[in-house]
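One-letter residues, chain by chain:
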Amino acid sequence: MKIIPTILTSLPDELEKRINFLEGKTDWIHIDVVDNKFAKKKTFPLDWLDQYQDKQFFWDIHLMVDNPFAWVEKCNLIMAQRVIGQIEFMGDQLDFLDRVESEGMEGGLAVDLATPLEKINQEVLWRCSVVLLFSGKKAGKGGQEFENSCLAKTKRLFELRTKLRADFRIGVDGGVNKENLKMIKKAGADFAYVGSGIWGKKNWQKALDQLVDLGK
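Residues numbered from 1 in each chain as written. Predicted model: local features only at pLDDT ≥ 70, side-chain atom pairs only at ≥ 80, totals over all residues. Heavy atoms only, no water.

Draft legend 1. Summary view of the nonpolar core. Among the nonpolar cores identified, the biggest contains 61 residues, and Leu49, Trp59 and Ile61 are the most heavily contacted of them. Ignoring sequence-local partners within four residues, the contact set of Ile61 consists of Ile31, Val33, Leu46, Leu49, Cys75, Ile78, Ala80, Arg82, Val83 and Ile84. By size, the runner-up hydrophobic cluster in this structure holds 8 residues, among which are Ile84, Ala110, Val130 and Tyr193. (Core = buried A, V, L, I, M, F, W, Y, C linked by side-chain atoms within 4.5 Å. Buried < 20%, exposed > 50% of the residue type's maximum accessible area, 1.4 Å probe, protein only. Contact = heavy atoms within 4.5 Å.)

Draft legend 2. Main features of the sheet that holds strand 4 (residues 82-86). With respect to topology, 8 strands assemble into a closed barrel ordered 1-2-3-4-5-6-7-8, the strand pairing being parallel. Looking at each pair of strands side by side, their axes are set apart by 25° on average, direction ignored. With 3 bridges joining them, strand 7 (residues 169-173) and strand 8 (residues 191-194) adopt parallel strand pairing. Note that in strand 8 the partner of Val172 across the bridge is Ala192. Running over the sheet, helix 1 (residues 12-22) touches strand 1 (2-7), strand 2 (28-34) and strand 3 (58-64) and is turned about 160° from strand 1. Of the strands in this sheet, strand 5 (106-111), strand 6 (130-134) and strand 7 are in contact with helix 4 (residues 149-164), which crosses strand 7 at around 170°. (Pairing = 2+ DSSP bridges. Helix = DSSP H or I, 4+ residues; strand = E, 2+ residues; numbered from the N terminus. Axes fitted to C-alpha atoms, helices over the stretch in contact; angles between N-to-C directions.)

Draft legend 3. Highlighting the packing of aromatic side chains. What the rule picks out here adds up to 8 aromatic pairs. Both rings, one in Phe191 and one in Tyr193, keep their centres 6.3 Å apart while their planes meet at 80°; by these two values the pair is edge-to-face. Ring centres of Trp199 and Trp204 lie 4.7 Å apart, and the angle between their planes is 80°; this geometry places the pair in the edge-to-face category. Its relative accessible area of 17% is what places Trp204 among the buried residues. An aromatic cluster is defined as three or more aromatic residues linked by ring pairs; in this entry it consists of Phe21, Trp199 and Trp204. Here Arg99 stacks its cationic end above the ring of Phe69, 5.9 Å away from the centre of that ring. In this structure, Arg161 packs its charged tip against the face of Phe168, placed 5.9 Å from the ring centre. (Phe/Tyr/Trp six-rings, centres within 6.5 Å; stacked < 30°, edge-to-face > 60°. Lys NZ or Arg CZ within 6 Å of the ring centre and 35° of its normal.)

Draft legend 4. Broad picture of helix 4. For helix 4, built from 16 residues, the straight-helix expectation of 22 Å at 1.5 Å per residue is met to within 8% by its first-to-last C-alpha distance of 23 Å. Elements that come into contact with the buried residues of helix 4 comprise strand 5, strand 6, strand 7 and helix 5 (181-187). Arg165 lies just past helix 4 and shows a positive phi near 60°. (Expected span 1.5 Å × (residues − 1).)

Draft legend 5. Up close: the environment of Met105. Structurally, Met105 is set in the loop between helix 3 (93-102) and strand 5. The sequence separation of Met105 and Asp13 amounts to 92 residues, and the corresponding C-alpha distance is 28 Å. Sequence-distant contacts of Met105, that is, excluding residues within four places in its chain, are made with Val72, Cys75, Asn76, Ala80, Gln81, Val83 and Val100.

Draft legend 6. Representation of the pairing of strand 5 in the model. The buried fraction of strand 5 is high, at 5 of 6 residues. Regarding topology, helix 3 serves as the crossover connection from strand 4 to the parallel strand 5, and that connection is right-handed. Of the strand pairs in this sheet, strand 5 and strand 6 are connected by 4 bridges, and their pairing is parallel. In the sheet register, Ala110 faces strand 6, and the bridge partner there is Leu132. (Right-handed = clockwise from strand over helix to strand, strands pointing away.)

Below is the structure:
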């Protein structure tokens, strides 16, 4: 299972410190984007990432915004590799994925803990690079506790993928740490998105190393 560090912040110094730390330690970084409409928080403007293009990361952008479709061009301008949109504030899911792909990026869908898997249009799963399951109470806020109910949801999505013979990846995001990582992996997740499980620790390097080892 791949460990993908996440960054959710509105502070330029915090963004810089975390990106600099991750240089040479990971290829993907998951950037959380919140617009103060999906959730009561507003993160940094995406164009701040322009100054870090020389770092050669793959940007994985998670749009927790009103109308993710309207943000796709902004993601392309900072040369994102993958764009994941929350379906709760999304119009047509296929239109979103088409828009992302038309800009040369991978597309994905995300669902809140309370959103049933049935809300995802199964016909578009063939077009998804990843389906992200949020495992905290509500997407858009960092430092949340992991909700064990997400494990059954992850397993159901894994079984659905097998049934459909689809090839999308399954990601879990929210409260992921070394205590629950093995359960998440066993449930069928391919990606573990980790924020406070790294940034909330005194020793970031030790925390990241432990997670990577547990994910193997």
